[in-house]
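Chain by chain, the residues:
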Amino acid sequence: MEERGKKPQKKLEEGKVKSLWMTLKNMGGEKWILLVLAGILLVVSAIPAKKVSNNTNVSKQTELFANQKADYALQLEQKLKRILEQMDGVGAVEVMITLQSSEEKVIDKNVEQSEQALTEQDKEGGTRISKEMQRKEDTVLVGNSSNQEPYIIKEINPIVEGVVILADGADSPSIVTEINEAVQALFDISPHKIKVLKRKT
């Protein structure tokens, strides 16, 4: 009983395959071109997935820079807090520092520069001088052959943008002045970028 039920289904599937083959066979040249273009579009639509991975790498790098910046700001805050709390009359202190940019590393480079001058004469007897400049830069590497890193000339720390200080002794104008002067001396920033407030007790 089961085999009788299967034979018509098998014939039906064969009929579908034959009708599909006949349809493809009867297609004109234009329809084949359209079919090929549709296939190409499907392949191209899969390409943006690679761009997403590149964006992921960029976002990871951005996150790394942000973390380094936050760590540096935290170190400055802790050092400033310790210094201010040692000052007479300041009392307990809370500090917040904002930075303009992340840390910058200046890498050493070998620079080769050459200049060529070419003199040309035209048919009318005039001369024309053309100069061609070539510049080549190579990063200086240090370390052994298996582990080489760029040679860093100097590291530029992020610039302090602003400082907010909450201090127990900030109700005294003389203490506020001393705190302001100390922060200006440490970070070389304008007085309007420093705010000293009374700490809530």
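Please refer to the structure placed before this passage.
Note that the structure is a prediction, hence the values are computed from the model and not measured. Throughout, a residue's number is its position along its own chain's written sequence, starting from 1. Under the rules for a predicted model, residues below a pLDDT of 70 receive no local features and side-chain atom pairs below 80 are neither given nor counted, while totals for whole chains, interfaces and linings still include all residues. Excluded from the side-chain calculations are hydrogens and water; all other atoms, namely the structure's heavy atoms, are used.

**Q** Mind showing me how you'd approach the overall build of the protein chain here?
**A** A run of DSSP states H or I qualifies as a helix once it reaches four residues; a run of E qualifies as a strand once it reaches two. Both are numbered from the N-terminal end. For the protein chain, the helix and strand inventory stands at four helices and nine strands. Ordered by position in the sequence, the α and β elements of the protein chain form the string α-α-α-β-β-β-β-β-β-β-β-α-β. Residues classed as buried in the protein chain amount to 14% of the 201 residues present. Nonlocal contacts in the protein chain, meaning residues at least 24 apart in sequence, comprise 65% of its contacts between residues at least 6 apart. Residue burial is assigned from relative accessible area. The probe radius is 1.4 Å, only protein chains are included, and a residue is buried under 20% of its type maximum, exposed over 50%, and partly exposed in between. Here, residues are in contact when the closest pair of their heavy atoms is within 4.5 Å.

**Q** What is the right way to look at the nonpolar core in this model?
**A** Proteins that are soluble and globular tend to have nonpolar side chains buried together. Throughout, nonpolar core names a set of buried Ala, Val, Leu, Ile, Met, Phe, Trp, Tyr and Cys residues whose side chains join them through atoms within 4.5 Å. Within the largest apolar cluster, 23 residues are counted, with the highest numbers of intra-cluster contacts made by Val163 and Ile165. Elements supplying a minimum of two residues to this core: helix 3 (48-86), strand 1 (93-99), strand 8 (160-167), helix 4 (173-187) and strand 9 (194-198). Here this core gets six residues from one element, more than from any other, and that element is helix 4. With near-sequence residues (within four places) excluded, Val163 lies in contact with Leu80, Val95, Met96, Ile97, Val183, Phe187, Ile189, Lys193, Ile194 and Lys195.

**Q** What am I meant to see in the pattern of salt bridges here?
**A** Side chains that differ in charge, positive against negative, can pair when their charged atoms come close. Take a side-chain nitrogen of Lys or Arg and a carboxyl oxygen of Asp or Glu: if they are within 4 Å of each other, that pair is a salt bridge. This model, assessed by the stated rule, comprises four salt bridges. Across the pair Lys81 and Glu94 runs a salt bridge whose closest N-O atoms are separated by 4.0 Å. Of the two residues, Lys81 sits in helix 3 while Glu94 sits in strand 1, which places them 13 residues apart along the sequence. A relative accessible area of 40% means that Glu94 is categorised as partly exposed. With its nearest N and O atoms 3.7 Å apart, the salt bridge here joins Asp171 to Lys198.

**Q** Could you clarify how one ought to interpret a nonpolar patch on the surface in this entry?
**A** Together, Met96, Val164, Leu166 and Leu197 give the surface a local cluster of nonpolar side chains, amounting to about 310 Å² of exposed area. Turning to its location among the elements, Met96 is positioned in strand 1. Each patch is built from salt-bridge-free residues with over 30% relative accessible area, joining like charges within 9 Å and nonpolar side chains (Val, Leu, Ile, Met, Phe, Trp, Tyr) within 5 Å. Note on areas: these come from Shrake-Rupley sampling with a 1.4 Å probe, and a residue is covered only by the protein chains present in the view.

**Q** Just to check I follow, could you spell out unusual backbone geometry for this structure?
**A** Phi is mostly negative for residues that are not glycine, and the peptide bonds are mostly trans. In this structure, Asp188 takes a positive phi of about 55° despite not being glycine. Looking at where Asp188 falls in the secondary structure, it is placed in the loop between helix 4 and strand 9.

**Q** Which parts of the structure should I look at to understand the side chain of Glu77?
**A** Along the polypeptide, Glu77 turns up in helix 3. Just so you know, the count uses Lys and Arg for positive and Asp and Glu for negative, and it drops His and the chain ends. Buried Glu77, no salt bridge; nearest opposite-charge side chain is Lys81, N-O distance 10 Å. Other than its neighbours up to four places away in sequence, Glu77 contacts Val95, Met96 and Ile97.

**Q** Whenever I open this one, the side chain of Asn180 confuses me. Can you help?
**A** By secondary structure assignment, the location of Asn180 is in helix 4. Dropping the residues within four chain positions of it, Asn180 is found in contact with Pro191, Ile194 and Val196.

**Q** How should I be thinking about the pairing of strand 3 (residues 109-121) in this particular structure?
**A** Both faces of the sheet carry side chains from a regular strand, because those side chains alternate between them. If DSSP finds at least two bridges between two strands, the strands pair. Where strand 3 meets strand 4 (residues 127-139), 13 bridges bridge the pair, whose relative direction is antiparallel. Paired with Gln121 across the two strands is Thr127, which belongs to strand 4. Linking strand 3 to strand 4, which pair antiparallel, is a turn of five residues; within it Gly125 sits at a positive phi near 95°.

**Q** Looking at this model, I keep getting lost on helix 4. Mind explaining?
**A** Side chains three or four residues apart in an α-helix point the same way, a direct result of the helix having 3.6 residues per turn. A helix is expected to span 1.5 Å multiplied by its residue count minus one. The first and last C-alpha atoms of helix 4 sit 21 Å apart over 15 residues, in line with the 21 Å expected at 1.5 Å per residue. Among all positions of helix 4, only Ile175, Val176, Ile179, Asn180, Ala182, Val183 and Phe187 are buried. The arc that holds the buried residues of helix 4, viewed along the axis, is 165°, so those residues lie on one side. Among the exposed residues of helix 4, those pointing more than 90 degrees away from its buried face are Pro173, Glu181 and Ala185. One or two residues past the end of helix 4 sits Asp188, with phi positive at roughly 55°. Comment: arc refers to directions from the helix axis out to C-beta atoms.

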